[in-house]
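Remarks on the overall topology
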Amino acid sequence: MKKVPILLFFCLIRVAIGSAQEIMITGKVLDDQGVVLPGTDVIIKGTTKGTTTNFDGEYTIDAPADAVLIFSSLGFATKEIPVAGKKEIDIILVPAAEQLLETIVIGSRGQPRTKLNTPVPVDVIDIKKDAINMPQQDLSQMLAASAPSFTAYTSGGGDLSSFVSPPSLRGLAPNQMLVLVNGKRRHTSAILAASQTGTPSNAVDMKFIPSIGIDHIEILRDGASAQYGSDAIAGVINVVTKKGTDEFTGTLTVGGYPNKSPDFSDSDLTEGERALNRTSGDWDGFNFQFDGNYGISFENGGFLNVSALISQSERTIRPTVLEIDRAPLYSSDYLNNQTTSVNGNPIITNPELIAAQASGDAAAISSLTTVEGLMAARGIEQVDVATYSGLPAKTLMGFGFNLENPLSETSDFYAFGDFGYQYSDAYSCFYRRAAQADRTSFDLFPNGFRPQIYTNQYNLALATGITGEFGDYEFDFSNNFGMNSAKYGMFNTWNASIGTGSPTEMDLGTHSFFQNTLNLDFTNFYEDILSGLNVAFGGELRVENYAIVAGQEESWTAGDAGVITATEDNQLLVGPDGFPLEDLSGSPIVDGSGAPVVLPYAGVSQELVKNYALNCQCFRGFAPENESNSYRSVMAAYLDMELDMTEDFLVSGALRMENYSDFGNVLTGKVAARYSIGENFAFRGSFSSGFRAPSLQELNYSHSYTFFVGLQPFDGTLYPNSSSAARALGIGQLQEERSRNYSLGFTSKIGKFDVTVDAYKIDIFDRIFETGEFDAGQAPVLAPIIGSGLASFRINGGDISTKGIEAVVNYNTNLGAGRFGAILSGTFRENKFENINLPDLNTDLTDEELADNYVNRGLIGQFETGTPSSKIIGTLNYSIGKFSAMLRGTRFGSVQTRDSIERTLLDGSVGYADQYFTPEFTTDIGITYNFTDSISFTVGGNNIFNEYPEIIRYELRTFNLYSNYQQGSSGAYYFGRLSFTL
């Protein structure tokens, strides 16, 4: 460890004073057809010091006179050239089929292979090369644009869901996919948020990894629980970070959304809605991001690479503007000053009407007693009080590093990690209209209010380790720590049950998750056993902690603003006019005989007169009963073997035993094989068992919330399975999800085409869902616990399956004086809910009613058809001289949503408001011009033709105007990017 700062010190001295032994070498790199090769790596052998060729294929590097330069470019044979004192070296590289694809290590602990030679499907995304022309900046969005099987949706609303983009593979849940960084397990977010697959999940938040510090991404599209452990049911993503470069690279990106309304002519918007749902024409969602990366290579072959990002994004606003008769801002009581306080005193909510009556203006009186008239008098339009959906505002800062340094001739020390902070605030709540007397205040918010939620997130990851040799084996001993903390808050809100003394900004509580993983791995390759046998084995010890800390009391408490406490014995509940007090609906509070209610004892007897909404509006703060501080330890041991039976036949197998402190033992296994027929064709396939233990977040998260049916609010609580409510109803503890994965495919090389096609099927048993809401009428045993509230739970609700076909075709060639590449990839899948696992519960519901509420048809529909069943991506890349360009088209398959409750439909019938959304197509573009060797400028856009999804049908058009599960609902995005090298 002491060697590291010493080496850094001498390295900095060397950079400062130079070295008399080095000379400047320049040259050009071409292929065998005389076409320049931009992006070729030029490395000094034995070090990580190097450079890359510019758009003209030219390079400059300082190197010792006796050094050896290594020239490598994707698709060409690597060449080593001694400097021998020469100051100009031009190189011709020859195409080599075996070099067309980067070697990868994910999915195998054996010798590195190209993705055409692996027994399971693996995608390699060259972030380092592709990022310059991509509109996307967030890592998860980059991957979603590049790999059809990968998705990452950002919600335009929905409380905590706005703050993460949960990544997923093959249409499965985000927490059924494992993320690694440099082969080490990445921790997940503390946030348990709704996902696109129908159930809330904790997921890795990839935005904290600076994309400029990433070399490439490996996506293993195959179950790998036996190799990497829990969460790898759908597959594994491995983020490989950059090594030293001895240069500073930076980018400055500026972009925004034109916010131009789509064509509503084919929608079912009413004429009034079409007039209301218009944009201002002003751009929104402006974002600014700076990324920087610098690498230092050490004389002994080590390196330090550091990356940083600073990003700021404004909100996008895509309102759902309902007509006044459907969403009136004011009630009749409000308009006519008939609202009363808890003591029966009148509240003047329409002073404009009082003034008009005093002046005798009949026209004004008539107008001011209508919603439209009072809104006009106050200068309010319906769009001003609509519900806003859109991307949140964000400020993001991140720092990452990657360090390697030799300790001896046979061992190396390494460390990598990142630290990030993000502040976000979002329009994630329904607008609280002044007509909602139980949750608005004329004194604080005379025209209603739009609550806003925000988070302060901190994220830390640090991995350290030593690699070396132990006898015949290579070993890797590492410790990997990760932590995520999210502090929630609300502003522009209040607790109505407290009254006007309530704060309007509140701390809602803090969630945190940390994970520490200790690994010891051994591997050895036996060349003399058949055509080669690789043996790997090792162990893992993982410790996790999830904690919820309560927010401030006003955010979760029930106040007494609507309660009358007797001030004298036998006090009558009457107002100053002598009539009985009225509740929020204007009904008199009387006893069975119709007489005013009597409070018999002074200071003791109480009556709830006004049922004001409890807690912080929109999102209740986390209360002491929600607090949690739970731990788990996991021990694992694995054996992984890979045998080349012949040069053409590869078989591999893995076994993994894991012991969970809260679940016991789990054994999983995997077998895979690949058989080559000739040099250009091979079959491959695999079978594996897998599992996913419920996360600590799923086991221990609980919260009370407000949800809306139409525009009617309801308050409910999600209870943990260890709660008295769960025990009373008969809900058991969560169990692990188990899986079987099957895969069969082929790879082929036909001329300059590389083709992979893979079919798969995944069966998952006891998948975790959330129930619908139970009330005391459905389950009388809950009455003492939940009162008039609603209760829901997490359950192992049923068995599911997914099957599909994935195909990738690559083509690279010289075209004219430039280089042309094309990729066509697609996934076609079918998700199916196989059966419900319905236990005996203590309810008064029939079996059919219970099944509908236990796993409702809306959740089943979201999993089966709520996300596109197909996704096809076609990408063209071309570079010539100082220009490079990327053109990408993406086709999102159809989506069908299923309603979870029967309702009155627009035609007057009663039924489910299901909806089919047709396929969508979007186009991305990026064009780069290289002004000099060091400066380039890129312009382009995402969804450049401003394609919006279809409008949500009338009955469900409350919060969102558009479906969010195809291309999203933000419309076109355009950007400019300055890239430079120092």
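None of these values were measured; they are calculated from a predicted model. (Residues numbered from 1 in each chain as written. Predicted model: local features only at pLDDT ≥ 70, side-chain atom pairs only at ≥ 80, totals over all residues. Heavy atoms only, no water.)

1. Section: the sheet that holds strand β1 (residues 22-31)
- Ordered by their spatial adjacency, three strands build an open sheet running β4-β1-β7, and the pairing between neighbours is mixed. One side of each edge strand has no neighbouring strand; the edge strands of this open sheet are β4 (58-64) and β7 (91-93). On average, each strand axis in the sheet is inclined to that of its neighbour by 40°, with strand direction left out of account.
- Both β1 and β7 contribute to a ladder of three bridges, which runs parallel. By the bridge assignment, Val29 is partnered in β7 with Ile91. (Pairing = 2+ DSSP bridges. Helix = DSSP H or I, 4+ residues; strand = E, 2+ residues; numbered from the N terminus. Axes fitted to C-alpha atoms, helices over the stretch in contact; angles between N-to-C directions.)

2. Here we look at the confidence of the model for the chain
- Put simply, the chain has an average pLDDT of 89, and 94% of its residues get 70 or more.
- For the stretch residues 1-20, pLDDT sits under 50, and the model shows 17 contacts to residues farther than four places along the chain or on other chains.
- Scored below 50 in pLDDT, residues 97-101 makes 14 contacts in the model with residues more than four places away or belonging to other chains. (pLDDT = per-residue confidence, 0-100. Contact = heavy atoms within 4.5 Å.)

3. Some thoughts on the sheet that holds strand β14 (residues 184-185)
- Sheet architecture is open: five strands sit in the order β10-β15-β16-β13-β14, paired in mixed fashion. Two strands in the sheet have a free side with no partner beyond their single neighbour: β10 (122-125) and β14.
- With six bridges joining them, strand β15 (residues 214-220) and strand β16 (residues 235-241) adopt antiparallel strand pairing. Residue pairing for β16: Ile214 is matched across the bridge by Thr241.
- In the packing of helix α3 (residues 139-146) onto the sheet, the strands contacted are β10, β15 and β16, and the crossing angle to β15 comes to about 55°.

4. Focus: empty space enclosed by the protein
- Considering all chains together, one arrives at 13 cavities of 30 Å³ or more under this definition.
- Computed from the structure, the second largest cavity encloses a volume of approximately 240 Å³.
- Forming the boundary of the second largest cavity are 26 residues, of which Val181, Arg186, Phe416, Gly417 and Asp418 lie nearest the centre.
- Every element with two or more residues in the lining of the second largest cavity is listed here: β14, β19 (303-313), β20 (393-408), β21 (411-426), β22 (452-470), β23 (473-491) and β24 (505-526).
- Split by residue class, the lining of the second largest cavity holds ten nonpolar, twelve polar and four charged. (1 Å grid on protein atoms, 1.4 Å probe; cavity = no way out; pocket = protein on both sides within 12 Å on 5 of 7 lines; lining within 4 Å. Points joined across faces, edges and corners; volume = space filled by probe spheres on them. Nonpolar A, V, L, I, M, F, W, Y, C, P; charged D, E, K, R; others polar.)

5. Looking at the pattern of salt bridges
- Summed over all chains, the structure comprises 36 salt bridges.
- With its nearest N and O atoms 3.0 Å apart, the salt bridge here joins Arg692 to Glu737. Within this pair, whereas Arg692 is found in strand β33 (residues 681-692), its partner Glu737 is found in strand β36 (residues 737-750), the two being separated by 45 residues in sequence.
- Its relative accessible area of 1% is what places Arg692 among the buried residues.
- With relative accessibility at 1%, the residue Glu737 sits in the buried group. (Salt bridge = Lys/Arg side-chain N within 4 Å of Asp/Glu carboxyl O. Buried < 20%, exposed > 50% of the residue type's maximum accessible area, 1.4 Å probe, protein only.)

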